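Fold and contact review
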Amino acid sequence: MKFLAAIVLLLLPAIAQAADISGIPKIREGDQIQIGTARIRLGGIDAPSVDQLCLNTTGERWTCGIAARDELIHHTDNKSWTCHVTQTERRGRQVARCEVDGEDIQKWMVRNGWALSYARVSHDYDADEKAAREAKAGMWQGAFIAPWDWRVRNKKTAILGAAKPPANAHAILLASASGPVAPSPECTIKGNVNGAGECIYHTPASRWYAQIKMQVAKGTRWFCSVEDAEAAGCRETKR
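So, here's what we can say about the structure. (Residues numbered from 1 in each chain as written. Predicted model: local features only at pLDDT ≥ 70, side-chain atom pairs only at ≥ 80, totals over all residues. Heavy atoms only, no water.)

**Observations regarding the overall build of the chain**
- For the chain, the count of helices and strands is seven helices and 15 strands.
- Looking at the 239 residues of the chain, the share that counts as buried comes to 46%.
- Sequence separation of at least 24 residues holds for 57% of the intrachain contacts in the chain that already meet a minimum separation of 6. (Helix = DSSP H or I, 4+ residues; strand = E, 2+ residues; numbered from the N terminus. Buried < 20%, exposed > 50% of the residue type's maximum accessible area, 1.4 Å probe, protein only. Contact = heavy atoms within 4.5 Å.)

Laid out in structure tokens, this is it:
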């Protein structure tokens, strides 16, 4: 038994190391990446989706979700990441803590105001969020609602940020960039909900692409890739 225990102890570092995923990622959103075939969610933080809107210091709408993604792309500069996987979600997406050149990427995102500490699952980045709020960094310089409230369209949510929001701020911030025009030239895949309640995505090559009218009230949204659409639970149109 002692011999077997010794073998297990020797194997533990190798087992832990096997859980790491390394490589240059495709950055899908401010908290979602893909390395090879592995879809990874950055644990402990929550960043705005690419179609989330915020308000800047003068009360104008801007696509803070795209900004968060692009700031992450720029900061990591096509370098290799190492992600330490902590768990796997039901749909196969892996939750991990990731680093680039030894830097905790989640910490950088929160401290620079491009993501919030996801306190319902972890308090690891609470101090970084406080620092970003005090420095009016990233989204904190304007006005926004927490990504988790935006996803469920929580009308009672608090408006965060340093800017004084206009009277109609809730209506603006609960809306989406998924209007008639794509939020980015890269994000041209249309997602809509059919009569059976299924989310269906249509690429520009799809037969009915032009007929899909993008209206937030009807549950439509833009995706930047097929992987993004499928990660959101959508399937490709059969026509």
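**Comments concerning the environment of Arg207**
- With respect to the helices and strands, the residue Arg207 is situated in the loop between strand 13 (199–202) and strand 14 (221–223).
- The exposure class of Arg207 is exposed, given its relative accessible area of 59%.
- Sequence spacing of Arg207 and Thr237 is 30 residues, and the spatial spacing of their C-alpha atoms is 9.0 Å.

**Remarks on the packing of aromatic side chains**
- A full pass over the atoms with the stated rule returns three aromatic pairs.
- Between Trp62 and Trp114 the ring centres are 6.2 Å apart and the planes differ by 80 degrees, which places this aromatic pair in the edge-to-face class. In this pair, Trp62 sits in strand 7 (residues 61–62) while Trp114 sits in the loop between helix 3 (105–111) and strand 11 (116–117), placing the two residues 52 residues apart along the sequence.
- For Trp62, a relative accessible area of 23% gives the class partly exposed.
- With centroids separated by 5.6 Å and ring planes inclined at 25 degrees, the aromatic side chains of Tyr118 and Trp148 adopt a geometry described as stacked. Remark: Trp148 occurs in helix 5 (residues 147–151) and Tyr118 occurs in the loop between strand 11 and helix 4 (126–135); sequence separation between them is 30 residues.
- Residue classification places Tyr118 among the buried residues on the basis of a relative accessible area of 14%.
- Its end group placed over the ring of Trp140, Arg133 keeps NZ or CZ at 5.8 Å from the ring centre.
- Above the ring of Tyr209, the side-chain terminus of Lys190 is found at 4.4 Å from the ring centroid. (Phe/Tyr/Trp six-rings, centres within 6.5 Å; stacked < 30°, edge-to-face > 60°. Lys NZ or Arg CZ within 6 Å of the ring centre and 35° of its normal.)

**Focus on the pairing of strand 13**
- Relative to strand 13, strand 12 (residues 189–193) runs antiparallel, the two being bridged by four bridges. For Val193, the partnering residue across the bridge sits in strand 13 and is Cys199.
- The turn linking strand 12 back onto strand 13 is made up of five residues, and Gly197 within it adopts a positive phi angle of 85 degrees.
- Relative to strand 15 (residues 235–236), strand 13 runs parallel, the two sharing two bridges. When the sheet's bridge partners are listed, Ile200 is paired in strand 15 with Arg235. (Pairing = 2+ DSSP bridges.)

**Topic: the sheet that holds strand 13**
- On the basis of which strands lie adjacent, the open sheet formed by four strands has the order 14-12-13-15 and mixed pairing. Looking at which strands have only one partner, the edges of the open sheet turn out to be strand 14 and strand 15.

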